[in-house]
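As a plain string of letters, each chain reads:
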Amino acid sequence: MTTIAFLFPGQAAQRPDMAAVWGDDPAAAAFDEIGAAGIGDLRERADDAEACAASTALAQPAIMAASLAAFDALAAAGVHPDVVAGHSLGEVTAATAAGVLDRPSGARLVTERGASMGVACAASPGSMAAILKLDLDQVEALVADVPDAAVANNNAPGQVVVAGPPEAVDQVVAAADDAGGRAKVLDVEGAFHSDAMAPAVERVRAVLDDVDLHDPGPTFLSGMDGRERATGRAVADSLVEGILAPVMWVDVQEALADHGVDLLVECGPGGILAGCAKRTVRDLPCLVVASPDDVDAVVAHLAPDPDPNPVSA
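Conventions and cut-offs
- Residues numbered from 1 in each chain as written.
- Predicted model: local features only at pLDDT ≥ 70, side-chain atom pairs only at ≥ 80, totals over all residues.
- Heavy atoms only, no water.
- Pairing = 2+ DSSP bridges.
- Helix = DSSP H or I, 4+ residues; strand = E, 2+ residues; numbered from the N terminus.
- Axes fitted to C-alpha atoms, helices over the stretch in contact; angles between N-to-C directions.
- Contact = heavy atoms within 4.5 Å.
- Buried < 20%, exposed > 50% of the residue type's maximum accessible area, 1.4 Å probe, protein only.
- Expected span 1.5 Å × (residues − 1).
- Phe/Tyr/Trp six-rings, centres within 6.5 Å; stacked < 30°, edge-to-face > 60°.
- Parallel < 35°, antiparallel > 145°, perpendicular 65-115°, else oblique.
- Left-handed = near helix turned anticlockwise from the far one by under 90°.
- Nonpolar A, V, L, I, M, F, W, Y, C, P; charged D, E, K, R; others polar.
- Patch = residues over 30% accessible without salt bridge, like charges linked within 9 Å, V, L, I, M, F, W, Y side chains within 5 Å.
- Areas by Shrake-Rupley, 256 points an atom, 1.4 Å probe, with all protein chains shown as cover.
- Salt bridge = Lys/Arg side-chain N within 4 Å of Asp/Glu carboxyl O.
- Lys, Arg positive; Asp, Glu negative; His and termini not counted.
- Charge placed at Lys NZ, Arg CZ, Asp CG, Glu CD.
- Disulfide = S-S within 2.5 Å.

Before going further, it helps to spend a moment on the sheet that holds strand β5 (residues 159-164). Read across the sheet, 4 strands follow the order β4-β5-β3-β6 without closing on themselves; strand pairing throughout is antiparallel. Two strands close off the open sheet at either side, each with one partner strand: β4 (150-156) and β6 (182-185). When the angles between neighbouring strand axes are averaged without regard to direction, this sheet yields 25°. Pairing of strand β3 (residues 127-132) with β6 involves 4 bridges; the strand directions are antiparallel. Note on β6: the bridge partner recorded for Leu132 is Arg182. Together, β3, β4 and β5 form the strand contacts of helix α7 (residues 136-144), whose direction differs from that of β4 by roughly 165°.

Following this line, the structure appears as structure tokens:
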């Protein structure tokens, strides 16, 4: 029996036509469900990758809708997760997929999260950069010399993301270059997982205090530490605390292996988490579902191998 983990991506996963690829598939209704919370017509707006990159308020509902479309299509094909985890924004999607939040509550939460973080970005302009070829302890040492910078994500060995005011991130990038690393500036609106996002915390907490919470069906792993959150309240706390805390995605991936996972399925566009898995848990296959055709590939992967030597009666 295959143990399956569904992984849900965060911001920067947006791709052109991430709604259009679902066409008239019933799973495309996820865009309407998430858009109904206030962002509007996501079937059209989600396809504009440049607009998503420029607007956190749009990107977060759009990416969540694309991820839930993948989740719904997999469910319709009879594929369900034993474990779920999400990267930053993806943790809201994971909580909704796991049943901690019903779909309207998940839509309301992601809309408020995106809007409040967008406001925080405007109030405290910032940037993010992926530091490559250096490990977490090396990047932490560089950040320690730049007070306004913070480690935002530990995505994979040799891929650590930093955040902060643009000038602080530039200092870390320069120091990383001197230390033998290299950097890639990310196409996001602000300094996520840093103190700049503090104004969003109470607004997100207020939504979670006002909705019904349920214990997760599949095992839910927190992006902060890779540990299980077994109650709805514990998941909600992780969603709030995770706004400022760094995403320890390496820990999540290692925990997936500890939970006996045999197959990773990234639900949503981008393929970023699949790329991280190839560098961190290399023995675990990871399939990406961003379109109806991708669902067929997962079903085929799970199908039992035909008997190579059939015996006729």
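What follows deals with unusual backbone geometry. You will see that Lys133, though not glycine, has its phi angle at about 75°, which is positive. As for its position among the elements, Lys133 is in the loop between β3 and α7. Even without a glycine there, the phi angle at His193 is positive, about 60°. If you trace the backbone, His193 turns up in the loop between β6 and α9 (198-208).

With respect to burial, β3 is a largely interior element, 6 of its 6 residues being buried. Burial of the side chains of β3 extends over both faces: Ser127, Ala129 and Ile131 are buried on one face and Met128, Ala130 and Leu132 on the other.

Let us look at helix α4 (residues 56-76). Over its 21 residues, α4 extends 30 Å from the first C-alpha to the last, a length consistent with the 30 Å expected when each residue adds 1.5 Å. Of all the 21 residues making up α4, 17 are buried; the element is thus mostly covered by neighbouring parts of the structure. Just downstream of α4, Gly78 is the residue with a positive phi angle, here 85°.

Now for the packing of aromatic side chains. Evaluation of the coordinates by the stated rule reveals 2 aromatic pairs. Residues Phe6 and Phe71 carry aromatic rings whose centres are separated by 6.0 Å and whose planes lie at 85° to one another, so their mutual orientation is edge-to-face. Highlighted residues: Phe6 in strand β1 (residues 4-8) and Phe71 in helix α4, separated in sequence by 65 residues. A single burial state applies to Phe6 and to Phe71, both of which are buried. Ring geometry for Phe8 and Phe71: centres 6.4 Å apart, planes at 55°, overall tilted. Taken together, the residues span a long stretch of sequence, with Phe8 in strand β1 and Phe71 in helix α4 at a distance of 63 residues. The exposure classification of Phe8 matches that of Phe71, with both residues buried.

Judged by pairing direction, the sheet is parallel, and its 5 strands sit side by side in the order β7-β2-β1-β8-β9 without closing on themselves. Each edge of the open sheet carries a strand with a single partner, namely β7 (219-221) and β9 (286-289). Shown here is a sheet whose adjacent strand axes are inclined to one another by a mean of 25°, direction ignored. Lying on the sheet, α4 is in contact with β1, β8 (263-267) and β9; it crosses β8 at an angle near 130°. The strands that helix α13 (residues 292-302) touches are β1, β8 and β9; relative to β9, the one it contacts most, it runs at about 150°.

The next point concerns the environment of Val201. Relative to the assigned elements, Val201 resides in helix α9. Between the alpha carbons of Val201 and Thr93 there is a distance of 18 Å; along the sequence they are 108 residues apart. Apart from the residues within four sequence positions on either side, Val201 is in contact with Val240, Ile243 and Leu244.

Between α9 and helix α10 (residues 232-241), the least distance of the axes is 9 Å, while the angle of their chain directions is 160°. In terms of orientation, α9 lies roughly antiparallel with respect to α10. The two elements α9 and α10 cross, and the hand of that crossing is right-handed. Counted together, Val201, Val204, Arg205 and Leu208 of α9 and Arg233, Ala236, Leu239 and Val240 of α10 form the full contact between these two elements. When the residues that make up the contact of α9 with α10 are grouped by side-chain class, the tally is 6 nonpolar, no polar and 2 charged.

Right, let's talk about a negative patch on the surface for a bit. Taken together, the side chains of Asp41, Glu44, Asp48, Glu50 and Asp187 make up a negatively charged region of the molecular surface. Within the element layout of this structure, Glu44 appears in helix α2 (residues 42-45).

A separate point is the state of the cysteines. Summed over the entire model, instances satisfying the criterion amount to 0 disulfides. In this structure Cys52 is a free cysteine whose sulfur lies 14 Å from that of Cys121, the closest cysteine sulfur available. We classify Cys52 as buried; its relative accessible area is 1%. The thiol of Cys276 is not disulfide-bonded; the next cysteine sulfur, from Cys286, is found 9.5 Å away. Look at Cys276 and you get buried, because its relative accessible area is 2%.

Geometry only, nothing functional implied.
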